[in-house]
Amino acid sequence: MKLRISIITAVLFFILFSNCSVNVKAESEIYFRFNQLGFLPLEHKSAVILSNTKFENVSALVRDARTNKIVFSSLINDFQVYGNFKYSFQLDFSSVQLKGEYYLEIADYRSTVFPINENVYKNVAEKLLDFFKVQRCGYTDPYLHDVCHISDATSLIENGKVINKSMDLTGGWHDAGDYVKFLNTTAFATYMLLFSYDFDPIKFGFDNNKNGTPDILEEAKIGLDWLLRCYVEKNKLVVQVQDLNDHEVGWRLPEDDLLQFNRPAFIGSGKNLIGIYSAALALGARIWRDKFFYKEFSDKCLQTAEKIYSFRNSSTDVDSSGSGMYLDKYFEGKLALGAVELFITSSKENYLIDAKIYADSAGSDYWWSWGDVNSLAHYRLTKFDSKFQDYIKNNLVHFSKTKETNLFGKGVSPTWGTNVTLLGITLQNILWKKLSNDNSFDTVSFIQKDYILGRNPWGLSFIYNVGKKYSKNFHHQISFLKGQLPGGFAAGPATSEFIKGYKIPYEQQDRLSIFQTSDAAYRDDRMDFITNEPTITGNATALFVFGNLKN
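Residues numbered from 1 in each chain as written. Predicted model: local features only at pLDDT ≥ 70, side-chain atom pairs only at ≥ 80, totals over all residues. Heavy atoms only, no water.

**Focus on the pairing of strand β2 (residues 46-51)**
The two faces of the sheet receive side chains in turn, since in a regular strand these alternate between them.
Point 1. A large share of β2 lies buried, amounting to six of its six residues.
Point 2. Where burial is concerned, the two faces of β2 agree: the one with S46, V48 and L50 and the one with A47, I49 and S51 are both buried.
Point 3. Pairing analysis gives four bridges linking strand β1 (residues 30-33) to β2, with the strands arranged antiparallel. By the bridge assignment for β2, I30 is matched with S51.
Point 4. Two elements, β2 and strand β5 (residues 87-92), share six bridges in a ladder whose sense is antiparallel. Considered in β5, the bridge of A47 is made with L91. (Buried < 20%, exposed > 50% of the residue type's maximum accessible area, 1.4 Å probe, protein only. Helix = DSSP H or I, 4+ residues; strand = E, 2+ residues; numbered from the N terminus. Pairing = 2+ DSSP bridges.)

Below, the structure written as structure tokens:
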């Protein structure tokens with residue numbers, strides 16, 4: 001019995017000291033916020049500490065978790081108020097570079113243990129790719145649900161008129177937590193999967209199902225197949241399948257959709273869509289030609305891309321068909337991307353001439369999202385003219401200045417899809433470093449990535465099952481009904497005023513209320529479609545970032 005008691009005591013002691021945010025005093029008094037996964041040996045390392053206890057003449061320490069030896073010490077100063085907390089400060093311990101296990105300590109307070117090693121981002125990209133399997137529609141071997149929406153589309157709508165004609169638009173991915181499919185976001189996500197592999201075939205060459213094809217290209221093929229189905233004729237594309245009636249039916253699995261025989265498709269066109277559509281197909285054509293030697297499929301992709309691109313001048317600048325979602329403001333960046341990918345694949349000089357004109361007109365967009373992808377075109381064009389890398393640099397300079405204006409170092413002000421934009425900053429730094437070998441923007445880059453993984457006011461990782469504490473109650477029907485969402489990536493905080501305008505009917509009390517501010521609010525609540533909904537575009541961005549960070 002004494003032996004059993006001793007074992008139980010030891011286990012409780014281990015749990016108390018290893019898995020809690022503090023180990024001597026109550027967590028309500030001080031909160032450590034840092035990347036839950038840990039850090040690469042040579043990367044920027046920092047934490048934010050929130051407290052209502054003032055520390056005077058006290059040092060923040062980093063200790064080796066095995067020996068308790070102090071490896072870093074910094075006197076605490078430069079306090080500032082943050083929301084409900086009287087005191088907050090940042091701690092930079094980048095000088096700690098030896099591999100090992102560590103924890104932060106201030107007075108009698110200790111953080112959880114975190115690692116420093118080369119493998120902290122191992123398998124994160126693979127988890128993010130799993131989300132696409134959940135989003136699969138039609139006969140695509142989906143995960144967590146059955147084959148669905150096999151009658152897509154039941155009718156066509158063009159210029160507001162219903163055409164009683166069906167069209168095979170099965171397949172692809174559901175865009176987010178609902179069951180609508182969009183050309184704009186599918187083309188972007190498909191392009192990013194292809195671009196990730198093209199950027200680094202080694203890091204993105206993982207083949208977990210061991211069938212001889214990189215998993216990321218298998219997934220991209222689902223996007224390519226659906227995009228090809230969306231080409232109607234001349235300059236016409238299917239821009240959306242299903243309308244907003246999808247949001248009125250209630251929570252259900254896709255195979256149980258009451259609207260499965262009432263899913264219209266919208267026909268439209270625009271230079272913006274032509275750009276991202278032709279970019280995805282042209283890059284797909286190149287990979288299937290050069291890697292798989294699949295001439296028939298490659299030719300089909302390239303010919304379709306060239307056809308639709310040829311009608312750009314007779315198309316509207318920005319498409320406004322469909323139900324008014326995912327509408328671009330500009331087209332130049334996407335058209336530049338389409339043109340440069342067509343040039344690289346076909347070697348036709350007219351495409352390169354077009355790409356340079358459009359890319360110069362697009363300039364720096366100082367953002368990142370499904371609609372703000374100028375940096376991708378600028379990255380590609382730098383190979384042919386180094387001046388285009390300056391547009392990416394302009395973005396990073398802007399993000400770095402914005403980082404200095406807030407405690408958590410966000411490179412942009414919160415809005416809808418904040419987390420995706422933050423990772424877009426890291427993405428653009430990866431592009432910049434590949435072009436310039438300059439690490440000047442590493443600090444702003446790593447802070448954005450750390451924000452996603454726990455260096456945020458709520459101390460959460462926004463990726464499902466990544467880290468110790470992570471988002472779970474996504475605004476996502478399959479997630480709610482199945483109790484899990486592999487690779488789910490929350491949209492992230494917005495301002496309180498922005499969220500208030502949508503009058504969200506929350507289901508749960510706000511367990512994170514103490515950390516909310518007017519500048520940044522987030523709820524891990526399934527009803528929160530602003531801050532807690534995952535999307536294929538968000539995962540496509542995150543996949544590129546964390547795939548490139550892994551060893």
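**Looking at the packing of aromatic side chains**
Point 1. Per the stated rule, a full pass over the model turns up 45 aromatic pairs.
Point 2. Here F79 and F89 contribute two aromatic rings whose centre-to-centre distance is 5.7 Å and whose plane-to-plane angle is 85 degrees, an arrangement assigned as edge-to-face. Within this pair, whereas F79 is found in the loop between β4 (70-75) and β5, its partner F89 is found in strand β5, the two being separated by ten residues in sequence.
Point 3. Owing to a relative accessible area of 26%, F79 belongs among the partly exposed residues under this scheme.
Point 4. With a relative accessible area of 5%, F89 lands in the buried category.
Point 5. A ring pair is formed by W432 and F441, whose centres lie 6.1 Å apart and whose planes are at 70 degrees; its orientation type is edge-to-face.
Point 6. An aromatic cluster of three or more residues is present, and its members are Y82, F408, Y451, W458, F462 and Y522.
Point 7. The cationic tip of K387 hangs over the ring face of F388; the distance from NZ or CZ to the ring centre is 5.2 Å. (Phe/Tyr/Trp six-rings, centres within 6.5 Å; stacked < 30°, edge-to-face > 60°. Lys NZ or Arg CZ within 6 Å of the ring centre and 35° of its normal.)

**Some points on empty space enclosed by the protein**
Point 1. A full pass over the atoms with the stated rule returns two cavities of 30 Å³ or more.
Point 2. The calculated volume of the largest cavity comes to roughly 90 Å³.
Point 3. Considering the residues around the largest cavity, the lining is formed by 13 residues, among which V239, D319, M325, Y326 and L327 are closest to the centre.
Point 4. Elements represented by at least two residues in the lining of the largest cavity include exactly β13 (236-241) and α5 (271-290).
Point 5. In this structure, the second largest cavity encloses a volume near 50 Å³.
Point 6. Considering the residues around the second largest cavity, the lining is formed by Q508, Q509, D510, R511, L512, R523, D524 and D525.
Point 7. Per-class residue counts for the lining of the second largest cavity are one nonpolar, two polar and five charged. (1 Å grid on protein atoms, 1.4 Å probe; cavity = no way out; pocket = protein on both sides within 12 Å on 5 of 7 lines; lining within 4 Å. Points joined across faces, edges and corners; volume = space filled by probe spheres on them. Nonpolar A, V, L, I, M, F, W, Y, C, P; charged D, E, K, R; others polar.)

**Some points on the packing of helix α7 (residues 332-346) against helix α8 (residues 349-362)**
Point 1. Between α7 and α8, the shortest axis-to-axis distance is 8 Å and the interhelical angle comes to 155 degrees. In terms of orientation, α7 lies roughly antiparallel with respect to α8. Read as a crossing pair, α7 and α8 show a hand that is left-handed. Across the interface between the two elements, E332, G333, L335, A336, A339, V340, L342, F343 and S346 of α7 pack against E349, Y351, L352, D354, A355, Y358, A359, S361 and A362 of α8.
Point 2. Considering only residue class, the contact of α7 with α8 consists of twelve nonpolar, three polar and three charged. (Axes fitted to C-alpha atoms, helices over the stretch in contact; angles between N-to-C directions. Parallel < 35°, antiparallel > 145°, perpendicular 65-115°, else oblique. Left-handed = near helix turned anticlockwise from the far one by under 90°. Contact = heavy atoms within 4.5 Å.)

**Points about the packing of helix α4 (residues 215-229) against helix α6 (residues 295-310)**
Point 1. For the pair α4 and α6, the least separation of the axes is 11 Å and the interaxial angle reads 55 degrees. Taken together, the axes of α4 and α6 are oblique relative to one another. Judged by the twist between their axes, the crossing of α4 over α6 is left-handed. The segment α4 lies against α6, with K221, L224, D225 and L228 engaging F297, K300, C301 and T304.
Point 2. For the contact of α4 with α6, the class distribution of residues is four nonpolar, one polar and three charged.

**Considerations on the side chain of E255**
Point 1. Structurally, E255 is set in the loop between β13 and β14 (264-268).
Point 2. Buried E255, no salt bridge; nearest opposite-charge side chain is K482, N-O distance 5.5 Å.
Point 3. At 3.3 Å, the side chain of E255 forms a polar contact with the backbone nitrogen of D146.
Point 4. If we ignore the near neighbours within four places in the chain, the residues touching E255 are H145, D146, V147, C148 and Q260. (Lys, Arg positive; Asp, Glu negative; His and termini not counted. Salt bridge = Lys/Arg side-chain N within 4 Å of Asp/Glu carboxyl O. Polar contact = N/O pair within 3.5 Å; in protein donor to acceptor, adjacent residues only side chain to side chain.)

**Looking at the confidence of the model for the protein**
Point 1. Of the residues in the protein, 95% have a pLDDT of 70 or more, and the chain-wide mean is 94.
Point 2. A low-confidence stretch, residues 1-27 (pLDDT under 50), is modelled with 28 contacts involving residues beyond four sequence positions or located in other chains. (pLDDT = per-residue confidence, 0-100.)

**A closer look at unusual backbone geometry**
Glycine aside, a negative phi is what most residues show, and trans is what most peptide bonds show.
Point 1. D152 connects to A153 through a cis peptide bond whose omega is -5 degrees.
Point 2. Here A153 is to be found in the loop between α2 (124-135) and β9 (155-158).
Point 3. Unusually for a residue other than glycine, N159 sits at a positive phi of about 55 degrees.
Point 4. Relative accessible area serves as the criterion here: at 74%, N159 is assigned to the exposed category.
Point 5. In the Ramachandran plot, S347 falls in the positive-phi region, its phi being about 65 degrees despite a non-glycine side chain.
Point 6. Within the secondary structure layout, S347 lies in the loop between α7 and α8.

**Focus: the pairing of β13**
Point 1. Most of β13 is tucked away, with five of its six residues classed as buried.
Point 2. Where strand β11 (residues 181-182) lies against β13, two bridges are found, and the strand directions are antiparallel. Residue pairing for β13: K181 is matched across the bridge by V241.
Point 3. The sheet contact formed by strand β12 (residues 231-233) and β13 spans two bridges and is antiparallel. Residue pairing for β13: E233 is matched across the bridge by K236.
Point 4. Where β13 lies against β14, four bridges are found, and the strand directions are antiparallel. Its bridge partner being in β14, V238 is matched across the sheet by I267.

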